[in-house]
Amino acid sequence: MSDYKGVAVCCEVKGDKLMPIAVEGLGIGRKLANTLGQELSAVLVGSGIGSLAQSAIAYGADKVYVVDDPLLKDYQADACVNVMVKVVNQVKPQVIIMGQTDSGRDLAPRLAFRLGTAVTMDCVDLAIDPDSKRLLQTKPVYGGNAQAIFTTETDPQMVTIRTKAFTALEPDTSRKGEIINIAAGLDSSAIRTKILNRVVEEVAGIKIEDAQVVVAGGRGIGSAEGFKQLEELAKTLKGAVGASRPPCDNGWVPDTIQIGLTGKIIAPELYIAVAVSGSSQHMSGCSGSKTIIAINKDREANIFRQARFGVVGDWKKVLPAFTKKIKELIAS
Amino acid sequence: MNIIVCVKQVIDPEAPPASFKIDAASNKAEMHGAPPVIDPYGEYAVEASLKIKEAKGGKVTVMSLGMNLLREVVKKPLAMGADELILLEDEAYTGGDGWSTANALAMAIKKIGKYDLIMCGREASDTNAGQTGAAIAEILGLPCIALVRKIDVADGKLKVEKVNSAGYDIIEVPLPTVLTVSNEIGQPRYPTIKGIMAAKKIEPVVWKPGDIGLEPSRLGAAGRRTKIRRLFQPVHEGKCELAEGENPEEMAVNLAMKLRVARIL
């Protein structure tokens, strides 16, 4: 067999912390490493990230490889692929886990093909096959209508994981581990792209990924004006407004609040779908919600197969009355 | 600008979920009663290419790999305004994975020889893998910018807006390059009558593995690194409790009460 051993998790950093998806990766990585009887390593690549190595250990890593270099401050494929190849050649992990994030979804395929292996993206389940000891990789396909289980024949076996599909361990600050620094050894002339500007499209209020309540509108809302009613309900419930794809394509709402397989994938406590048909693509983005409520005038709409409570009716009449009653209940 | 666009024939993702069925024996899926289509993000890639052709002049060549490619389906990009259609249509190409497919497309692109830009959709609607663009770029030694929503061409370079979860980046990339696009690039145009008539007259070029110098060890099932173990539909349990009422307003009030009773609000 190959001389690849161990599980490695690429841990992205946001601000002064490891990203939630990174520690979720360490959580499943720890399980897989235990099943294989092998080591769990965390890989931190960036600029000014060295102090977070201890955090990776607290979340389950045995070893942390740190590549800290100013040229790695903003993600660029050429730089990151070259650095990761260096790390993989040194560490030789049998499994590599990355988050399905802006950079992860970009880096993973390039790295996999540079290494002569393959990657399975957006996995929602990972396990070790008891006979072959290969990684069983489960991911949604056909726009969320089905799931497929894949195996990779080559090493390292690479996957990206979906946000909130896995659980982080409780951090244990007494855990001990080894921190290994690897020099980036980057040649800036090898980076073919140049970032001219980074634009943040701020949505006022609470960020949709962080909201416990999301009120989402679909094609039936009909206009940007219509979304104002959803904003009112969201504000009442201290939540955020989301949308399926048609309102974004029509320019009624910004693209950044699109929820779906190719938009944002969220899992709030409460998801209120207003005039949303519930296509598999959209449901992929919100099916992790604890409770789904649907308001739609079409009794046959797919959303009613996924919602726990609902009203079959015209949202223009239902929503104002619903918001009014909610305000009353909160006040009492 | 010589632009090559990769598209794929897929089962219709817009067909109602209820008509989606899996054949467990072959690990394949079908949409009952709905004909196949060009993958939606591939169509966005065609649209993006046509916009550039309108602005800068040039040629748009569409390429597709698959079996039983229906001519009325794969010719749609021609009807939209693309100039050429190349089909990698042969049983030998199939049974592979993302890698072997991208490798075949890359070999075909090498055979075409002259190109400035390679465009792909962000992901195919059946595999949802999102790797083809990156794989082609890696094989051909090119950069790849994914999720592009705006493309400006100037002085042999591209200035693109790349979408991310917080907004977008403006990135400069030299030509030739690979780009993948998503729906933010703008609605694909409808084929015109003139376009449909023109497309009828264009014969697709069909290349077999031998035509593009594909070694048997890298072809189809022999070239794959990923295997599918199982394809299944997760079971959805649970019923939806509908709030009753004489009119929408009454139903709304009852819904709120149900949520209060269930301690959700």
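Residues numbered from 1 in each chain as written. Chains lettered and ligands numbered in written order. Predicted model: local features only at pLDDT ≥ 70, side-chain atom pairs only at ≥ 80, totals over all residues.

When its secondary structure is counted, chain B shows 8 helices and 15 strands. Each principal axis of the C-alpha distribution contributes one length, and for chain B these read about 65 × 45 × 40 Å. Classification of the 265 residues of chain B by burial places 49% in the buried group. The long-range fraction of contacts in chain B, counting pairs at least 24 apart against all pairs at least 6 apart in sequence, stands at 70%. (Helix = DSSP H or I, 4+ residues; strand = E, 2+ residues; numbered from the N terminus. Buried ≥ 20, exposed ≤ 12 C-beta atoms within 10 Å, placed from the backbone. Contact = placed C-beta atoms within 7 Å.)

Bringing the domain arrangement of chain B into the picture now. Domain boundaries in chain B define domain 1 (2-223) and domain 2 (236-265). Its C-alpha centre places domain 1 of chain B at a distance of 45 Å from the equivalent point of domain 2 of chain B. (Domains from an automatic or database assignment.)

All names here are of chain A. Structurally, the position occupied by Pro-246 is in helix H6 (residues 245-249). Exposure remark for Pro-246: the 20 C-beta atoms within 10 Å place this residue in the buried category. In this structure the C-alpha to C-alpha distance between Pro-246 and Gly-260, which are 14 residues apart in sequence, comes to 11 Å. Ignoring anything within four residues of it in the chain, the contact list for Pro-246 reads Gly-218 and Arg-219.

Remark: helix H4 (residues 104-114) of chain A packs on helix H5 (residues 132-140) of chain B, axes separated minimally by 9 Å, with the N-to-C direction vectors making an angle of 40°. Looking at the two axes, H4 of chain A sits oblique to H5 of chain B. As for how H4 of chain A packs across H5 of chain B, the hand of that crossing is right-handed. Contact with H4 of chain A, carried on its side by Pro-109, Arg-110, Phe-113 and Arg-114 of chain A, involves Ala-134, Ala-135 and Glu-138 of chain B of H5 of chain B and no other residues of that element. Among the residues making up the contact of H4 of chain A with H5 of chain B, the classes are represented as 4 nonpolar, no polar and 3 charged. (Axes fitted to C-alpha atoms, helices over the stretch in contact; angles between N-to-C directions. Parallel < 35°, antiparallel > 145°, perpendicular 65-115°, else oblique. Left-handed = near helix turned anticlockwise from the far one by under 90°. Nonpolar A, V, L, I, M, F, W, Y, C, P; charged D, E, K, R; others polar.)

Let us look at helix H5 (residues 224-236) of chain A. All names here are of chain A. When the terminal C-alpha atoms of H5 are compared, their 19 Å separation across 13 residues agrees well with the 18 Å that a helix rising 1.5 Å per residue should span. For H5, the full list of buried residues reads Phe-227, Leu-230, Leu-233 and Ala-234. The inward-facing, buried residues of H5 contact strand S14 (213-217), strand S15 (240-243), strand S16 (270-274) and helix H9 (315-331). Phi turns positive, to about 60°, at Lys-238, one or two residues after H5. (Expected span 1.5 Å × (residues − 1).)

Taken in spatial order, the 10 strands make up an open sheet running S13(A)-S11(B)-S10(B)-S9(B)-S12(B)-S8(B)-S1(B)-S6(B)-S7(B)-S13(B), and their pairing is mixed. Strands with a single pairing partner mark the edges of an open sheet, and in this sheet they are strand S13 (194-200) of chain A together with strand S13 (205-206) of chain B. Packing against the sheet, helix H4 (residues 98-112) of chain B makes contact with strand S1 (2-7), strand S6 (59-66), strand S7 (84-89) and strand S8 (117-121) of chain B, and its axis sits at approximately 145° to S6 of chain B. (Pairing = 2+ DSSP bridges.)

It is worth spelling out the interface of chain B and chain A at this point. Residue-level contacts link 67 residues of chain B with 68 residues of chain A. Tallying contributions element by element places helix H8 (residues 248-261) of chain B first for the side of chain B that touches chain A, with 10 residues. Each residue belonging to the side of chain B that touches chain A can be placed in one class, and the counts come to 36 nonpolar, 16 polar and 15 charged. Here strand S18 (residues 309-312) of chain A runs beside strand S15 (residues 241-242) of chain B; their pairing, made up of 2 bridges, is parallel. Within the sheet, the bridge partner assigned to Gly-310 of chain A lies in S15 of chain B and is Leu-242 of chain B.

Residues and elements named next belong to chain A. One can find Glu-39 in the loop between helix H1 (20-36) and strand S4 (40-46). Distance from Glu-39 to Pro-93, taken between C-alpha atoms, is 9.0 Å for residues 54 residues apart in sequence. Leave out the neighbours within four places in its chain, and Glu-39 touches Gly-6, Ala-33, Asp-62 and Lys-63.

Okay, the packing of H4 of chain B against H5 of chain B next. Residues and elements named next belong to chain B. Interaxial distance between H4 and H5 falls to 9 Å at its minimum, and their mutual angle equals 55°. Between H4 and H5, the interaxial angle falls into the category oblique. As for how H4 packs across H5, the hand of that crossing is right-handed. Here H4 contributes Gly-98, Trp-99, Thr-101, Ala-102, Asn-103, Leu-105, Ala-106 and Ile-109 to the contact with H5, which in turn contributes Thr-132, Ala-135, Ile-136, Ile-139 and Leu-140.

This brings us to the domain arrangement of chain A. Residue and element names in this part refer to chain A. When the domains of chain A are assigned, the result is domain 1 (7-190) and domain 2 (213-331). With centres defined by C-alpha atoms, the gap from domain 1 to domain 2 works out at 34 Å. In this complex, domain 1 contributes 7 residues to the contact, which on the side of domain 2 involves 8 residues. Of the residues in the side of domain 1 that touches domain 2, the class split is 1 nonpolar, 4 polar and 2 charged.

This part takes up the nonpolar core. Core analysis: the largest hydrophobic core is formed by 132 residues, its most contacted members being Leu-44 and Ala-56 of chain A together with Val-5 of chain B. In terms of residue count, the dominant contributor to this core is helix H3 (residues 77-91) of chain A (9 residues). With near-sequence residues (within four places) excluded, Leu-44 of chain A lies in contact with Cys-11, Val-13, Ile-49, Leu-52, Ala-53, Ala-56, Val-64 and Val-66 of chain A. Judged by nonpolar contacts, the second largest core, of 55 residues, contains Phe-227, Ile-257, Ala-301 and Val-311 of chain A. (Core = buried A, V, L, I, M, F, W, Y, C linked by C-beta atoms within 7 Å.)

Judged by pairing direction, the sheet is antiparallel, and its 4 strands sit side by side in the order S8(A)-S9(A)-S10(A)-S14(B) without closing on themselves. Looking at the sheet topology across the chains shown, the edges are occupied by strand S8 (125-128) of chain A together with strand S14 (226-232) of chain B. On average, each strand axis in the sheet is tilted by 25° relative to the strand beside it, whichever way the strands run. Looking at chain direction, strand S9 (residues 135-141) of chain A and strand S10 (residues 146-152) of chain A are connected through 5 bridges and run antiparallel. The partner of Lys-139 of chain A across the bridge, within S10 of chain A, is Ala-148 of chain A.

What follows covers H4 of chain A. For H4 of chain A, a buried count of 10 out of 11 residues is recorded, marking the element as mostly surrounded by other parts of the structure. Two residues or fewer past H4 of chain A, Gly-116 of chain A is found with a positive phi of approximately 75°.

Inspection of the secondary structure puts Ala-252 of chain B in helix H8. For Ala-252 of chain B, a count of 26 C-beta atoms within 10 Å gives the class buried. In this structure Ala-252 of chain B touches Val-311, Val-318, Ala-321, Phe-322 and Lys-325 of chain A, once residues within four positions along its chain are discounted.

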